[in-house]
Amino acid sequence: MTRFAKFAWLTLGYNVLVILWGAFVRATGSGAGCGSHWPTCNGQIIPRDPSVETLIEFSHRLTSGLAFLLVLAMLIWAFRAYPRKHIVRLGAVLSTFFMITEALVGAGLVLFERVATDVSYARAVWMAAHLLNTFILLLFITLTAWWASGGARFPLRGQGWTGAATLGALFLMTLIGMSGAVTALGDTLLHLDVIHTNPVVGETLLALRIYHPTLAVGIAFYMLVVLTRLMLDRPSPTAFRLGIGFNLLYVAQLGLGLLNVWLKAPVWMQLVHLLITDILWIMLVIFCATILATRPQEKPAPVRV
Ligand code: HEM
């Protein structure tokens, strides 16, 4: 593996850690730890005499700032190491673009005060949008690392059923993630005991929590059937490993989700659930890239007697 490829995987791993820390900020109600100030913290560059919430929020800003710099370094390195029109360059450009939008969504959350104890529909939309952007960001960093490690580029056009099936899997996984983000908001507001500050919205958010597990269980059948069909249509050792691994981990995640509900979603369990989600997403992205880059299996010609 080249030094660039190692760096790209490291950038991906680091970003996953930053995402987990972001969930910790939400789960502990620390999103307003720097007031409604961004990029400064309570109007100061380095907060003086900080509270625990300020420390949590400020450390998220520092760690996500480093994630931004890593993606920027990946972009510069990609342009120095790869020739014009190389697919790794495109992956790095798109990673940088979605890193910028990720920072803007994070800044928007703080500036519009959709954090901490805010109980509003707008906050639910922001949470879902944040997760969507996070997934797209991880998708492009993963593809950059995968292509830099020798993964073949694939055409998007002319993929027929395979194109629709892989896109469907990515779309459905995103839908589970976004519904999970809304569920996580409901649970957080319950833990912070602030539902009564806006009971109509609060109770609706709590009632919406049932959709996330329902979607996850329903989509399990799509994943099992469609991913197996894709593996058989376009077989390769990588596709088999990732396809089977993904489905096993997905089933384990269903169990963890159940445990999450049973334990009433403690913070550590939320972080485990989110970590498994990110691993599932990365596996699915590489699986789809492998399938789309593999030629369909030739069907044997019918034997004439
Ligand atoms: C494999 C399928 C699943 C995936 C990919 C998934 C993904 C997610 C995601 C991304 C979140 C938001 C995390 C955050 O923003 O911090 C979440 C939250 C949640 N999920 Fe799931 N989930 C799955 C299955 C389930 C199932 C089956 C249940 C329940 C039976 C469940 C229960 C919960 C609960 C209670 C939360 C809110 C607390 C938390 O953030 O952990 N999940 N899920």
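Residues numbered from 1 in each chain as written. Predicted model: local features only at pLDDT ≥ 70, side-chain atom pairs only at ≥ 80, totals over all residues. Heavy atoms only, no water.

S.K.: Please clarify how the overall build of the chain should be interpreted in this entry.
M.R.: In terms of regular secondary structure, the chain is built from nine helices and zero strands. For the chain, the N- to C-terminal ordering of α and β elements is α-α-α-α-α-α-α-α-α. Relative to the globule expectation of 19 Å for 305 residues, the C-alpha radius of gyration of the chain, 21 Å, shows essentially globular dimensions. For the chain, the spread of C-alpha atoms along the principal axes amounts to about 80 × 45 × 25 Å. Here the chain, with 305 residues, has 50% of them falling under the buried criterion. (Helix = DSSP H or I, 4+ residues; strand = E, 2+ residues; numbered from the N terminus. Rg over C-alpha atoms; globule rule 2.2 N^0.38 Å. Buried < 20%, exposed > 50% of the residue type's maximum accessible area, 1.4 Å probe, protein only.)

S.K.: Help me understand the site of the ligand, please; the structure alone is not making it clear to me.
M.R.: In the neighbourhood of the ligand, 26 residues make up the surrounding shell, with Arg26, His212, Gln253, Asn260 and His273 lying closest. Contact between the ligand and His212: a nitrogen atom at 2.8 Å from a side-chain N or O atom of the residue. At 3.4 Å from an oxygen atom of the ligand is found a side-chain nitrogen or oxygen belonging to Gln270. Secondary-structure elements contributing two or more residues to the shell around the ligand are helix H1 (3-27), helix H5 (160-191), helix H7 (211-233), helix H8 (237-262) and helix H9 (267-293). For the shell around the ligand, the element with the most residues is H5, which contributes eight residues. Of the residues belonging to the shell around the ligand, the class tally is 14 nonpolar, 10 polar and two charged. Taken domain by domain, the makeup of the shell around the ligand includes at least three residues from each of domain 1 (1-153) and domain 2 (155-296). (Near = heavy atom within 4 Å. Polar contact = N/O pair within 3.5 Å; in protein donor to acceptor, adjacent residues only side chain to side chain. Nonpolar A, V, L, I, M, F, W, Y, C, P; charged D, E, K, R; others polar. Domains from an automatic or database assignment.)

S.K.: For this particular structure, what's the right way to read the coordination of the iron atom of the ligand?
M.R.: Six octahedral donors around a metal ideally sit at 90 or 180 degrees from one another, while four tetrahedral donors ideally sit at 109.5 degrees. Every protein donor of the iron atom of the ligand is listed here as His212 (NE2) and His273 (NE2), and their distances to the metal cover 2.0 Å. Between the six donor atoms coordinating the iron atom of the ligand, the angles at the centre fall across 88 to 179 degrees, so the site counts as octahedral. Residue His212 is found in helix H7, and its partner His273 is found in helix H9; the two are separated by 61 residues along the sequence. There is no split in this pair, since His212 and His273 are both buried. (Donors = N, O, S within 2.8 Å, 3.2 Å for Na, K, Ca; no water. Tetrahedral: all angles 85-135°; square planar, octahedral: opposite > 155°, others 65-115°.)

S.K.: I'm lost on the domain arrangement of the chain in this one. Help?
M.R.: Interface size is commonly expressed as the accessible surface area that is lost when the partners come together. When its domains are assigned, the chain resolves into domain 1 (1-153) and domain 2 (155-296). Each of domain 1 and domain 2 was reduced to a C-alpha centroid, and the two centroids are 20 Å apart. Every contact between the two is made by 31 residues of domain 1 and, on the other side, 34 residues of domain 2. For the pair domain 1 and domain 2, the two sides together bury roughly 2900 Å², of which 81% comes from carbon and sulfur. Inspection of the region where domain 1 meets domain 2 yields zero salt bridges. Run the count over domain 1 and domain 2 and you get five residue pairs in polar contact (both at pLDDT 80 or more). Broken down by secondary-structure element, the contributors of at least two residues to the side of domain 1 that touches domain 2 are H1 and helix H4 (121-148). Along the lines of polarity and charge, the residues of the side of domain 1 that touches domain 2 split into 22 nonpolar, five polar and four charged. (Contact = heavy atoms within 4.5 Å. Buried area = accessible area lost by both parts, 1.4 Å probe. Salt bridge = Lys/Arg side-chain N within 4 Å of Asp/Glu carboxyl O.)

S.K.: Help me understand the packing of H7 against H9, please; the structure alone is not making it clear to me.
M.R.: Describing two packed helices takes the angle between their axes plus the distance from one axis to the other. Following both chains from N to C, one finds H7 and H9 inclined at 30 degrees, their axes separated by 13 Å at the closest point. One way to sum up the angle between H7 and H9 is to call them roughly parallel. Considering how the two elements wind past one another, H7 and H9 form a crossing that is left-handed. Across the interface between the two elements, His212, Met223, Leu227, Leu230 and Met231 from H7 touch His273, Leu284, Phe287 and Ile291 from H9. Taken together, the residues of the contact of H7 with H9 break down into seven nonpolar, two polar and no charged. (Axes fitted to C-alpha atoms, helices over the stretch in contact; angles between N-to-C directions. Parallel < 35°, antiparallel > 145°, perpendicular 65-115°, else oblique. Left-handed = near helix turned anticlockwise from the far one by under 90°.)

S.K.: Any chance you could explain the environment of Ala289 here in plain terms?
M.R.: As for its placement among the helices and strands, Ala289 is situated in helix H9. Relative accessible area serves as the criterion here: at 2%, Ala289 is assigned to the buried category. Spatially, the C-alpha atoms of Ala289 and Thr183 are 30 Å apart, while their sequence positions differ by 106 residues.

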